[in-house]
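Coordinate analysis (summary)
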Amino acid sequence: MTTSRVLTWHVTASGGYETAWTETGDDMLRARGRAVGTVPEPYWVSYDLDTAGGFVTRRLRVTVETAERTRSLDLRHDGHGGWTADGERLPGFRDAVDCDLGLCPLTNTMPVLRHGLHRAPGERRLLMAWVSVPALTVRPSWQTYTYLGPGERGARVRFVSGTFRSDVEFDGDGFVVDYPGLATRLR
């Protein structure tokens, strides 16, 4: 069964907003989103995300428009550890199965759903293909997700990457409700 949702966040880290139209079902997530931000400069973002079984990233297409220019990225994962950006092979991502679009609360959903961290104890250290916004550069990023327990509207999961740490609240479906320092979902 496929479930469709529309989610909107106030993205405090970018001084903007994001809306994502999502479909989940059969261990897969599809989403298309639009965001506007003002930090570090005014920009528009549009993205399309497709995952394979197990919520493993298959493809992320992103376009960013600023006053100066328009950039696009076509990030693909072959399901066997190979990643490409605009057709060029990316070294150093062999263990990554997820993308993480910067300033985007939606892309934290895949590892949480895959490992059930919105429902049960656990901790996972994962390599991500992290995409900066608005530059759209891709770099490897080690991230740790740790289940902390129930929250007001779901479960709290600690997110750690480098020196950054935030206790994020996810709803029962695995989507971000409150990500201190990044975004808060609008009701």
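In what follows, the accompanying structure is described. (Residues numbered from 1 in each chain as written. Predicted model: local features only at pLDDT ≥ 70, side-chain atom pairs only at ≥ 80, totals over all residues. Heavy atoms only, no water.)

What about the packing of aromatic side chains?
The line we're drawing: A pair of Phe, Tyr and Trp rings is counted when the ring centres sit within 6.5 Å of each other, with Trp represented by its six-membered ring. The angle between the planes then sorts it: under 30 degrees is stacked, over 60 is edge-to-face, the rest tilted. Helix numbering and strand numbering both begin at the N terminus, where a helix is a DSSP run of H or I of at least 4 residues and a strand a DSSP run of E of at least 2. Residue exposure (1.4 Å probe, protein chains only): buried if accessible area is under 20% of the type maximum, exposed if over 50%, otherwise partly exposed. The rule is short: NZ of Lys or CZ of Arg within 6 Å of the ring centre and within 35 degrees of the ring normal puts a charge over the ring.
This structure, assessed with the given rule, holds four aromatic pairs. Aromatic pair Phe159 and Tyr179: ring centres 5.9 Å apart, planes at 55°, arrangement tilted. Of this pair, Phe159 sits in strand 12 (residues 155-161) while Tyr179 is found in strand 14 (residues 176-179), placing the two residues 20 residues apart along the sequence. Under the relative-accessibility criterion, Phe159 is labelled buried at 5%. Among the aromatic residues, those joined into a ring-pair cluster are Tyr145, Phe159, Phe164 and Tyr179. A cation over a ring is seen here: Arg32 above Trp21, with NZ or CZ 4.7 Å from the ring centre. Lying across the ring of Trp142, Arg125 places its NZ or CZ 4.3 Å from the centre.

So, the side chain of Ser132
The cut-off we apply is this: In protein, a polar contact requires one atom able to donate a hydrogen and another able to accept it; more generally it is a pair of N or O atoms within 3.5 Å, and residues adjacent in sequence count only if both atoms are side-chain atoms.
Topologically, Ser132 is positioned in the loop between strand 10 (123-131) and strand 11 (138-150). The exposure class assigned to Ser132 is buried, which follows from its relative accessible area of 10%. A distance of 2.7 Å separates the side chain of Ser132 from the side chain of Thr137, its partner in a polar contact.

A closer look at the pattern of salt bridges
To keep it simple, the criterion reads: Salt bridges are defined by distance alone: a side-chain nitrogen of Lys or Arg within 4 Å of a carboxyl oxygen of Asp or Glu.
On inspection of all chains with the given rule, the structure shows eight salt bridges. Put simply, Arg5 and Asp171 hold a salt bridge, and the shortest N to O gap is 3.1 Å. Here Arg5 is found in strand 1 (residues 3-11), whereas its partner Asp171 is found in the loop between strand 13 (164-170) and strand 14, with 166 residues between them in sequence. On the basis of relative accessible area, Arg5 is assigned to the partly exposed category, the value being 23%. Judged by its relative accessible area of 7%, Asp171 is buried. Between Arg5 and Asp173 there is a salt bridge, with the nearest N and O atoms lying 2.8 Å from each other. Of this pair, Arg5 sits in strand 1 while Asp173 sits in the loop between strand 13 and strand 14, placing them 168 residues apart in sequence.

Re the environment of Val157
Put simply, the rule reads: In this analysis, two residues are considered to be in contact whenever any of their non-hydrogen atoms come within 4.5 Å of each other.
Along the polypeptide, Val157 turns up in strand 12. Given the relative accessible area of 1%, Val157 is considered buried. Placed ten residues apart in sequence, Val157 and Asp167 show a C-alpha to C-alpha distance of 5.6 Å. Once residues within four sequence positions are removed from consideration, Val157 is found in contact with Leu117, Tyr145, Thr146, Tyr147, Leu148, Ser166, Asp167, Val168 and Phe170.

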